[in-house]
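Each chain is listed here by its residues.
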Amino acid sequence: MSNKQVHIFMFIDALGWEIIKDKNFLEDLLPYRNPAKMQFGYSSTAIPTILSGQPPIVHKHLSFYYYAPEKSPFKIFKYLLLGMLPEKINRSWRVRHNLSKLVKKMYGFTGYFELYAMPFSHLPYFDYIEKKDMFVPDGLAPVKNLADELESRSLPYHISNWRLSEAENIAALKSDLENGEIKFAFLYTAAMDGLLHRVTKEGKEIPEKLNWYSEQIRALIEIAKKKYDDCTFTVFSDHGMTTKVGVVDVISQIEGLKLKFGKDYAAVYDSTMGRFWYFNDHAKNTIREKFSDIPHTSVVGEEDKERFRVNFPDNMYGEDILLLDPGWQIEPSDMGLKALPGMHGYTPDHPDSDASFLSSREVENPPQWVGDFFRVMTSRMDELAGL
């Protein structure tokens, strides 16, 4: 009689190693644990890396926006004259969120999409990378993702719907475990990220949230043990969270150079990095000279771009990346007008950046980088498929 197995992998967004290393978080059930290096970038970078095992230079996801005016889906914004609206309306999160839903429906985007605080006049210069749902088959095509690997092995599986709440996704997995048909599960939970952005890793709400996760995980394992002969459970994350220590107004310093956006240069100002494209030597030299005057920043050198595997040959995400020091944020940025109490997206070398890996079963080669989680998942698939 064959041994009925299920392997469950739970993704908890922003569950950094610094957050749980000194806490007794499920040590009895998940004794095999270690930190793993964050992929340089944000969740928009880390999630496709986890789902494919590939770095950004392969799967092409780093930040959301990249310079590509010839194929920008936002050319219509040239004619909408949205910049003529009162500033209060123009910058309203509710207005932008509703407009994002309209654009998403108009273009048939199935991935995560938000306009954030990107100036409407800048949008026609950029394309958006996450147009497709990365969790479904062909979601990262031509790169193979988690769903592709499961389909290729003909394994019955459960992958959460990232659009649903944590409670809904946990309930859906409980239902599938009760049915006893699946052999592999990827549970997506994202509320910890939002909580850490609001209250930081020092917040009193964090232990409460960890207790809630602990209760949910114990319940899932209890169900699995009743329905299966063998169950493994693994928790991992994509990055940690760094508490804000200050802000830098990068935008006004660059715009004060009196260069013309779209003619001399283009830039995207993420929460923790500015990314720049240059269209003439004067703009390049002027902006690069200015970098040395902007406090709490450093330019990501070619050696680090290669080390972080974001050394795009075509400078897809910027010829220069101006990275802020851990704890500092760009305010305002294209992601939001105000900095958040907690943020990620700094150098992977900083301890707050480390992700977590916790498992009920020992792994022969413990993952050292978040992309290694994919290797662990596919090795479990091979076991199930008898490969």
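As shown above, the structure is provided for reference.
Quantities reported herein were computed from a predicted structural model and do not represent experimental measurements.

> In this structure, what is going on with the packing of aromatic side chains? I would like to understand it.
For any two aromatic rings, the description comes down to two numbers: the centre-to-centre distance and the angle of the planes. Tallying each qualifying case throughout the model produces 35 aromatic pairs. An angle of 75° between the planes, with centres 4.7 Å apart, marks the rings of Phe-113 and Tyr-128 as edge-to-face. Taken as a pair, Phe-113 in the loop between helix H6 (93-107) and strand S4 (126-128) and Tyr-128 in strand S4 lie far apart in primary sequence, 15 residues in all. Its relative accessible area of 5% is what places Phe-113 among the buried residues. An aromatic cluster of at least three residues, connected via ring pairs, comprises Phe-64, Tyr-65, Phe-74, Trp-93, Tyr-107, Phe-109, Tyr-112, Phe-113, Tyr-116, Tyr-128 and Trp-162. Over the ring of Tyr-213 we find Lys-209; its NZ or CZ atom is 4.9 Å from the centre of that ring. Across from the ring centre of Trp-369, 4.0 Å away, lies the NZ or CZ of Arg-309, which sits over that ring.

> What exactly am I supposed to notice about the pattern of salt bridges here?
Oppositely charged side chains may form a pair once their charged atoms are brought near each other. Scanning the model with the defined rule gives 20 salt bridges in all. Close ionic contact of Arg-275 with Asp-270 constitutes a salt bridge, the shortest N to O distance being 2.9 Å. There is no split in this pair, since Arg-275 and Asp-270 are both buried. Salt bridges sharing common partners tie together Lys-284, Arg-288, Glu-319 and Asp-320.

> Which parts of the structure should I look at to understand the sheet that holds strand S6 (residues 184-189)?
Sheets are built from strands paired through backbone hydrogen bonds, the pairs being either parallel or antiparallel. In spatial order, the strands read S2-S16-S7-S1-S6-S5; together these six strands make up an open sheet with mixed pairing. Both outer strands of the open sheet, strand S2 (32-36) and strand S5 (157-159), are each paired with one neighbouring strand and no more. Strand after strand, the sheet turns through a mean of 15° between neighbouring axes, direction not considered. Here S2 runs beside strand S16 (residues 355-359); their pairing, made up of five bridges, is antiparallel. Each bridged residue has a counterpart across the sheet, and for Asn-34 the counterpart in S16 is Phe-357.

> What exactly am I supposed to notice about H6 here?
Along an α-helix, residues three or four apart share an orientation, since each turn contains 3.6 residues. In a regular helix each residue adds 1.5 Å, so 15 residues correspond to 21 Å; H6 covers 21 Å between its end C-alpha atoms and thus fits that length. Taken together, the buried positions of H6 are occupied by Arg-96, Leu-99, Ser-100 and Val-103. Each buried residue of H6 lies within a common arc of 110° when the element is viewed along its axis, so the set occupies one face. Away from its buried face by more than 90 degrees, H6 exposes Arg-94, Leu-102 and Lys-105. Remark: Gly-108 follows H6 within two positions and exhibits a positive phi of approximately 70°.

> Any chance you could explain the pairing of strand S10 (residues 265-269) here in plain terms?
Look at any regular strand and the pattern is simple: side chains alternate between the two faces of the sheet. Within S10, five of the five residues are buried, which leaves it mostly tucked inside the rest of the structure. Of the two faces of S10, the one lined by Tyr-265, Ala-267 and Tyr-269 and the one lined by Ala-266 and Val-268 are each fully buried. Bridge analysis of S10 against strand S11 (residues 273-278) gives five bridges, and the strand direction is antiparallel. Paired with Tyr-265 across the two strands is Tyr-278, which belongs to S11.

Cut-off values and rules
Residues numbered from 1 in each chain as written. Predicted model: local features only at pLDDT ≥ 70, side-chain atom pairs only at ≥ 80, totals over all residues. Heavy atoms only, no water. Phe/Tyr/Trp six-rings, centres within 6.5 Å; stacked < 30°, edge-to-face > 60°. Helix = DSSP H or I, 4+ residues; strand = E, 2+ residues; numbered from the N terminus. Buried < 20%, exposed > 50% of the residue type's maximum accessible area, 1.4 Å probe, protein only. Lys NZ or Arg CZ within 6 Å of the ring centre and 35° of its normal. Salt bridge = Lys/Arg side-chain N within 4 Å of Asp/Glu carboxyl O. Pairing = 2+ DSSP bridges. Axes fitted to C-alpha atoms, helices over the stretch in contact; angles between N-to-C directions. Expected span 1.5 Å × (residues − 1). Arc of directions from axis to C-beta.

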